[in-house]
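Single-letter residue listing:
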Amino acid sequence: FPSHDTPGMTTFPFIDPKELQSNDDFYVKLRYGQRIDNLAYQYLGDGHYWWVICSLNGLKTPFDPSLITGSIVRVPVTVSKIFKILEEKNIKITT
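Residues numbered from 1 in each chain as written. Predicted model: local features only at pLDDT ≥ 70, side-chain atom pairs only at ≥ 80, totals over all residues. Heavy atoms only, no water.

Of regular secondary structure, the protein possesses 4 helices and 2 strands. Listed by position from the N terminus, the elements making up the protein come as α-β-α-α-β-α. Among the 95 residues that make up the protein, the fraction classed as buried is 38%. Considering only contacts within the protein whose residues lie at least 6 apart along the sequence, 64% involve residues at least 24 apart. Of the roughly 6,000 Å² of accessible surface on the protein, 51% is carried by carbon and sulfur atoms. (Helix = DSSP H or I, 4+ residues; strand = E, 2+ residues; numbered from the N terminus. Buried < 20%, exposed > 50% of the residue type's maximum accessible area, 1.4 Å probe, protein only. Contact = heavy atoms within 4.5 Å. Areas by Shrake-Rupley, 256 points an atom, 1.4 Å probe, with all protein chains shown as cover.)

Given below as structure tokens:
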């Protein structure tokens with residue numbers, strides 16, 4: 001599937017973050033050592049949905065250097081809208 005252009009790394013499909021945003025989304029302020037996969041597990045029920053949070057925030061990888069303590073990260077209430085958008089764009093995801 002299409003991915004961000006990170007040298008030597010194929011990560012997840014790129015979708016304009018504005019397409020994924022919802023009024024139901026909420027924000028989390030990153031604490032020291034907090035990782036995107038942990039946020040995905042805590043709020044979405046599965047750490048494998050780290051790419052959903054990255055996509056929603058326009059991040060190229062879950063290790064994006066802009067993710068520092070105190071960063072504000074947008075988190076969806078559910079992944080269903082994002083999977084629907086991927087389906088409409090005929091982008092297949094395997095988890």
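There is more to say, and it comes next.
On to the confidence of the model for the protein. Should the pLDDT be low somewhere, the predicted coordinates at that spot are not to be read in detail. Residues with a pLDDT of 70 or more make up 84% of the protein, whose mean pLDDT is 84. Per-residue pLDDT stays below 50 along residues 1-10; that stretch engages in 22 contacts with residues further than four places along the chain or on separate chains. (pLDDT = per-residue confidence, 0-100.)

The next subject is the pattern of salt bridges. This structure, assessed with the given rule, holds 3 salt bridges. In this structure, Glu-19 and Lys-89 form a salt bridge, with 3.3 Å as the shortest nitrogen-oxygen distance. Of this pair, Glu-19 sits in helix H1 (residues 17-20) while Lys-89 is found in the segment after helix H4 (80-88), placing the two residues 70 residues apart along the sequence. (Salt bridge = Lys/Arg side-chain N within 4 Å of Asp/Glu carboxyl O.)

Membership of the largest hydrophobic core comes to 22 residues, with the highest contact counts inside it found for Leu-39, Leu-44, Tyr-49, Val-52, Ile-53 and Val-73. Elements that contribute at least two residues to this core include exactly helix H2 (36-44), helix H3 (50-57), strand E2 (72-75) and H4. For this core, the leading source of residues is H3, giving 5 residues. Not counting the four nearest positions on each side in its chain, Tyr-49 is found in contact with Ala-40, Leu-44, Val-79 and Phe-83. (Core = buried A, V, L, I, M, F, W, Y, C linked by side-chain atoms within 4.5 Å.)

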